[in-house]
Amino acid sequence: MQVVKTAHALSQALATQDAIAFVPTMGNLHAGHIQLVELAKTKNACVVVSIFVNPLQFGANEDLSNYPRTLDADLEKLKAAGADIVFTPSEQEMYPDFDASTHNTHQSITINLPSVANELCGAARPGHFSGMATVVLKLFNLVFFNGAKTRVAIFGKKDFQQLFIIRDMVKQLNLPIEIIAGDTRREADGLAMSSRNGYLTSAQKLEAPRLYRALGLLVDAVKQGRTDFPALETQTTQFLTQLGWVVDYISIRSAETLLPATNADLKLVVLGAARQGTTRLIDNIEFTLKPN
Ligand code: PAF
């Protein structure tokens, strides 16, 4: 496994590769990330993983400085998983005008996203998805355009809205890249694996799987025929709030458009974001209804 820090070294390492399967990450890797690398390994391609905590997608009051950075352990896990190349750029490498004292990227050209990026997670995190899409496009440029003809990028379904936005960006910008979605990896109690789970106290960790269970109850209710979606969302929000959660949103949406679900939609997703203390957890469940 080769570890490269600069765009130049990356382009040299990839110059002879015809097929690339790329897994972008922010590091602090857990079994969910490794599952994405294993999916990349099935593509018969050079497996590239990036580790970059992207300042552009963090808001002023978010956890950029405290975001867990565990490079040595990450590299060991990637080596064991069979990654071929790991790209670990500095902020200056990704953002040539980066100001280390203020963390300002000075990236003045960014991706302008449709309004769905201001809903759900985007409502509580203004600018987050534009910052995410901008760095993903920059990474795609660095990783894929060194001559490879097969270009696959893999993203986890846990960040459903992120995956939706990336797919839309690839489609609308005519990027010649195939996007593949990897399933959410869960703990035995159902909690979706996330780098942010490490912030939870042991009591919060016991409570955390309830978000997934509450979304599951919502799915059951819709499958049993309930179509009063706003009322169901409010009920779940109240249920979690009574148990001490601070709920950002609980939402039933079309899995195809990410618009609020209507009675005509068959492919649905329930999404939720809620806080345990200061730790914000997200989760979702996709499901399909049988036509009447
Ligand atoms: O999902 C993540 O870890 C990040 O949003 C990504 C896609 C690596 C972009 O920084």
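My aim in this report is to walk through the structure given alongside it, one point at a time.

**Focus: the site of the ligand**
Point 1. For the ligand, the full set of nearby residues is P24, T25, M26, N54, Q57, M132, V135, V136, F155 and Q162.
Point 2. Here Q162 contributes a side-chain N or O atom positioned 2.8 Å from an oxygen atom of the ligand.
Point 3. Calculation on the ligand without its partners gives an accessible area of 290 Å², and the protein chains cover 88% of this total.
Point 4. Within the residue set of the shell around the ligand, elements represented by two or more residues are β2 (19-25) and α6 (128-144).
Point 5. The residue makeup of the shell around the ligand, split by class, is 6 nonpolar, 4 polar and no charged.

**Quick notes on the sheet that holds strand β9 (residues 279-288)**
Sheet strands associate in pairs through backbone hydrogen bonding, adopting either a parallel or an antiparallel arrangement.
Point 1. Pairing is antiparallel in the open sheet, where 3 strands are placed in the order β7-β8-β9. Taken across any chain shown, the strands that pair with only one partner, and hence form the sheet edges, are β7 (246-254) and β9. For this sheet, the mean inter-axis angle between neighbouring strands, taken without regard to orientation, is 10 degrees.
Point 2. By the bridge criterion, 8 bridges tie β7 to strand β8 (residues 267-276) in an arrangement that is antiparallel.

**Brief notes about the pattern of salt bridges**
Point 1. This model, assessed by the stated rule, comprises 9 salt bridges.
Point 2. The partner of R253 in a salt bridge is E119, and the shortest N-O contact between them spans 2.6 Å. Here the residue R253 occupies a position in strand β7, and E119 occupies one in the loop between α4 (91-94) and α5 (121-124), the gap between them amounting to 134 residues.
Point 3. Residue classification places R253 among the buried residues on the basis of a relative accessible area of 9%.
Point 4. Across the salt bridge formed by R280 and D248, the nearest N and O atoms sit 2.6 Å from each other.

**Describing unusual backbone geometry**
Point 1. Residues other than glycine seldom take positive phi values, yet N28 does so here, at roughly 50 degrees.
Point 2. For N28, the location among the structural elements is in the loop between β2 and α2 (31-41).

**Considerations on the sheet that holds strand β1 (residues 2-4)**
Point 1. Spatial ordering of the open sheet is given by β1-β4-β3-β2-β5-β6, a layout of 6 strands whose pairing is parallel. The open sheet has two edge strands, β1 and β6 (178-182), and neither has a second partner. Taken over all neighbouring pairs, the strand axes of this sheet differ in orientation by 25 degrees on average, direction set aside.
Point 2. Where strand β3 (residues 46-51) and strand β4 (residues 85-87) come together, 3 bridges link them in parallel fashion. Paired with V49 across the two strands is V86, which belongs to β4.
Point 3. Here α6 sits on the sheet and contacts β2, β3, β4, β5 (150-156) and β6; the angle it forms with β2, its principal contact strand, is near 150 degrees.

Scoring rules and cut-offs
Within each chain, residue numbers correspond to sequence positions counted from 1 in written order. At least 70 in pLDDT is required for a residue's local features to be given in this predicted model, at least 80 for side-chain atom pairs to be given and counted, and no such filter applies to totals for whole chains, interfaces and linings, which use all residues. Note that the side-chain values use all heavy atoms of the structure and ignore hydrogens as well as water. Summary of the distance rule: residues count as near a molecule or strand when at least one heavy atom falls within 4 Å of that molecule or strand. For the purposes of these results, a polar contact is taken to be a pair of N or O atoms within 3.5 Å, where, inside protein, one atom must be able to donate a hydrogen and its partner to accept one; residues adjacent in sequence count only when each atom of the pair is a side-chain atom. The Shrake-Rupley method, run with a 1.4 Å probe sphere, supplies the accessible areas, and residue values consider only the shown protein chains as cover. Strands are runs of DSSP state E lasting at least two residues, helices are runs of H or I lasting at least four, and both sets are numbered from the N terminus onward. When residue character is reported, Ala, Val, Leu, Ile, Met, Phe, Trp, Tyr, Cys and Pro are called nonpolar, Asp, Glu, Lys and Arg charged, and the others, Gly included, polar. When DSSP finds two or more bridges between a pair of strands, those strands are recorded as paired. Helix axes use the C-alpha atoms of the stretch in contact, all axes being lines fitted to C-alpha atoms, and the angles between their N-to-C directions lie in the range 0 to 180 degrees. Salt bridges are defined as contacts in which a side-chain nitrogen from Lys or Arg sits within 4 Å of a carboxyl oxygen from Asp or Glu. The cut-offs for exposure are 20% and 50% of the maximum accessible area for each residue type, with area from a 1.4 Å probe on protein chains only; residues under the lower value are buried, those over the upper are exposed, and the others partly exposed. The contact rule is simple, with two residues in contact once any of their heavy atoms fall within 4.5 Å.

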